[in-house]
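A look at the structure
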Amino acid sequence: MQIFYKVKEIQDYLTKFNSESVGFVATMGSLHKGHLSLINASQQENKITICSIFINPKQFSNQEDLIKYPQNIDLDIEKLKSVNCDIVFIPNVEEVYPNKVEKEFYFGVLSEVMEAKHRPGHFNGVAIVIERFFEILSPTRAYFGEKDFQQLAVIRALVKKINSSVKIIGCPIYREINGLAMSSRNERLSEAEKEEASEISKALTYVCQHKNSHSVTELKDYFMNRMSMNKLFVPEYFEIADKNTLVPINNWSEAKTYIAFTAVNVEGVRLIDNMTIIN
Ligand code: AMP
């Protein structure tokens, strides 16, 4: 596996693969099986696979969250070697942002609801870093997890907006056996807290199974009440949205396909999850 820290070095190396397909997986490190499933998806479809590890300061509106973000670079490199990833790119902030960037992206409703509403500036920071990585690496395809479903929608919108030729591939959420969506942030929880946190996916599963017998409002109340009953949890939001547009709905008649979204703080660790509601 090749390891690069500098933009110029990885770009020089990539000239060897000019006419080959390049798959790209952007991460912030502390890799888990969810990340590795994206690497695997890329390896199925591309000649070479690049994984980046970069904690992007521009996508953190909360400085404490940025400081506490877990870092395990040596272990990450071992994990990437063990799955035969071809290239890992680990740039520092100066490499990614040599010049001041003051772009303001607007993605319509995607810039206004759920994660966008609760983390102002977050998706602008995501769009800035992904545009920059696409510029540096010119991948053929890029792989993003449905764990961050709204982010995936933002990236698809970004690619359209900037006329990029990168093909965006969404990959399914990888969960623990107890249902908890894998996340680097889970590392900040004890084993007992992780078990408790699996309540989030269990409550989402309940919502998904009760579409036909309950109204949207009833299910929203159910979810928020169930979360509030747990002393470890502070729920931030729960929405059922149109799966195509991500516009939150209040009545089933407002959409044809649905997806439930939530963010819940578990002992100060902010976890997000989502689940598609099958009709
Ligand atoms: P992150 O390191 O959290 O920025 O995530 C990097 C990529 O991995 C993003 O595209 C995430 O959506 C994806 N990802 C994170 N957790 C999971 C998971 N549990 N299952 C699938 N993809 C994931």
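Quick look at the structure, then. (Residues numbered from 1 in each chain as written. Predicted model: local features only at pLDDT ≥ 70, side-chain atom pairs only at ≥ 80, totals over all residues. Heavy atoms only, no water.)

1. Here we look at the packing of helix α7 (residues 122-137) against helix α8 (residues 149-161)
As a reminder, the rule being used: Helix axes use the C-alpha atoms of the stretch in contact, all axes being lines fitted to C-alpha atoms, and the angles between their N-to-C directions lie in the range 0 to 180 degrees. Helix numbers and strand numbers start at the N terminus; a helix is a DSSP run of H or I with at least 4 residues, a strand a run of E with at least 2. By definition in this entry, angles of less than 35 degrees are roughly parallel, angles greater than 145 are roughly antiparallel, angles of 65 to 115 are roughly perpendicular, and the rest are oblique. For any helix crossing, the convention is left-handed if the near helix is rotated counterclockwise from the far helix by under a right angle, and right-handed if that rotation is clockwise. A contact between two residues is defined here by any heavy atoms of the two lying within 4.5 Å.
At their nearest, the axes of α7 and α8 sit 10 Å apart, and the two run at 55° to each other. Between α7 and α8, the crossing angle belongs to the class labelled oblique. For the pair α7 and α8, the sense of crossing is right-handed. In contact with Phe 123, Val 126, Ala 127, Ile 130, Glu 131 and Phe 134 of α7, α8 contributes Gln 150, Gln 151, Val 154, Ile 155, Leu 158 and Val 159.

2. Looking at the site of the ligand
The following threshold applies: Any residue with a heavy atom positioned within 4 Å of a molecule or strand is treated as near that molecule or strand. Residue burial considers only the protein chains on display, and all accessible areas are found by Shrake-Rupley using a 1.4 Å probe. The distinction between a cavity and a pocket rests on a 1 Å grid over the protein atoms alone: a 1.4 Å probe fits inside a cavity but cannot get out, while a pocket stays open yet meets protein on both sides within 12 Å along at least five of seven lines, and a residue with an atom within 4 Å of a point counts as lining. To qualify as sitting in a cavity or pocket, a molecule needs more than half of its atoms within 2 Å of the grid points.
Neighbouring the ligand are 17 residues, the closest being Met 28, His 35, Asp 148, Tyr 174 and Met 182. Contact with the protein chains covers 93% of the free accessible surface of the ligand, which is 490 Å². In this structure, the ligand is accommodated by the largest cavity. Of all elements in the fold, only β2 (22-27), α2 (33-45) and β5 (141-145) reach the threshold of two or more residues within the shell around the ligand. With three residues, the single largest contributor to the shell around the ligand is α2.

3. A word on unusual backbone geometry
Note the following rule: Per-residue accessibility, obtained with a 1.4 Å probe over protein chains only, is compared with the maximum for each type, and a residue is labelled buried under 20%, exposed over 50%, and partly exposed between these values.
In this structure, Asn 163 takes a positive phi of about 55° despite not being glycine. Counting through the fold element by element, Asn 163 comes out in the loop between α8 and β6 (167-171). Among the residues examined, Asn 163 registers a relative accessible area of 71% and is labelled exposed.

4. Some remarks on the sheet that holds strand β3 (residues 48-53)
The line we're drawing: Here a strand pair is declared whenever DSSP counts at least two bridges between the two strands.
In spatial order, the strands read β1-β4-β3-β2-β5-β6; together these six strands make up an open sheet with parallel pairing. Among the strands making up the open sheet, the edge pair consists of β1 (2-4) and β6. The mean angle between the axes of side-by-side strands here comes to 25°, regardless of whether they run parallel or antiparallel. Summarising the sheet, β2 and β5 pair through three bridges and their orientation is parallel. The residue bridging Val 25 from the neighbouring strand is Tyr 143, located in β5. Here α8 sits on the sheet in contact with β5 and β6, set at roughly 170° to β6.

5. Details of the layout of surface pockets
Basically, it comes down to this: Grid points are joined across faces, edges and corners, and a volume is the space filled by probe spheres set on the points. Residue polarity is assigned by list, with Asp, Glu, Lys and Arg as charged and Ala, Val, Leu, Ile, Met, Phe, Trp, Tyr, Cys and Pro as nonpolar; anything else, Gly included, falls into the polar class.
In this structure, the largest pocket occupies an estimated 240 Å³ of space. Forming the boundary of the largest pocket are 13 residues, of which Asn 62, Asp 65, Asn 265, Gly 268 and Arg 270 lie nearest the centre. Among the elements that make up the lining of the largest pocket, the one with the highest residue count is helix α3 (residues 63-68) (three residues). In terms of residue class, the lining of the largest pocket is made up of one nonpolar, five polar and seven charged.

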